[in-house]
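The residues making up each chain are set out below.
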Amino acid sequence: MPAHLHERRMPFAPVALATALTLLVTGCAGRGSAEDQAAADAATQFLAAVGTAPESGCDLLAPATLEQLESDGEQCGEALGEVASSGSPGSGEPRVDVYGRDAMVRWGGATLFLARFDDGWRVTAAGCEPRGKDLPYDCTIEGR
């Protein structure tokens, strides 16, 4: 018999098991996670705050976003009032996309971007409108 027919082949079971475990682990990450709910809760809290008392929403902004607002000479509460008039959460459940420490929350006429800090999720951009496929959102409030 030719030598190449006597080659040792890796058994099928370990390869199949490794593939199945990889699919199981990667398939469970993301959708429906606790981070999705935490990001949605932070976005809901922010929109509720800016809808009733915009100044109180300033405490829910990421530090760089608040700093950017102040460096532009705007009053935080006034700027957040613009966000309240630009879109409301509407009804139903928000759509949440979490990517590591960043998230995008969309529902109704509102789109927010958030980042996870040690003390929880903070809004990094608000009052965001899509500009088209593969283009960045145009946001009323954003940090750098």
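Below you will find a few notes about this structure. Not measured: the values here are computed from a predicted model.

The subject of this paragraph is the nonpolar core. By size, the foremost hydrophobic cluster in this structure holds 27 residues, and its most contacted members are F46, L61, L80, L112, L114 and I141. Counting only elements with at least two residues in this core, the list comes to α2 (34-52), α4 (76-86), β2 (102-107), β3 (110-117) and β4 (120-129). At eight residues, α2 tops the list of elements feeding residues into this core. Leaving out residues up to four positions away in the same chain, L114 has contacts with A39, A42, A43, R101, D102, A103, V105, W121, R122, V123 and T124.

Bringing the sheet that holds β3 into the picture now. Spatial ordering of the open sheet is given by β1-β2-β3-β4-β5, a layout of five strands whose pairing is antiparallel. In the strand order of this sheet, the two ends are held by β1 (95-99) and β5 (138-142), each with one partner. Taken over all neighbouring pairs, the strand axes of this sheet differ in orientation by 25° on average, direction set aside. Two elements, β3 and β4, share five bridges in a ladder whose sense is antiparallel. Directly across from A115, in β4, lies its bridge partner R122. Docked against the sheet, α2 engages β1, β2, β3 and β4, running at close to 120° with respect to β3. Where helix α3 (residues 63-71) meets the sheet, its contacts fall on β3, β4 and β5, and the angle it forms with β5 comes to roughly 90°.

Quick look at the environment of A64 now. Considering the arrangement of structural elements, one finds A64 in helix α3. Each C-alpha atom, one on A64 and one on V123, is 10.0 Å from the other, the two residues being 59 residues apart in sequence.

Conventions adopted
- Residues numbered from 1 in each chain as written.
- Predicted model: local features only at pLDDT ≥ 70, side-chain atom pairs only at ≥ 80, totals over all residues.
- Heavy atoms only, no water.
- Core = buried A, V, L, I, M, F, W, Y, C linked by side-chain atoms within 4.5 Å.
- Buried < 20%, exposed > 50% of the residue type's maximum accessible area, 1.4 Å probe, protein only.
- Helix = DSSP H or I, 4+ residues; strand = E, 2+ residues; numbered from the N terminus.
- Contact = heavy atoms within 4.5 Å.
- Pairing = 2+ DSSP bridges.
- Axes fitted to C-alpha atoms, helices over the stretch in contact; angles between N-to-C directions.

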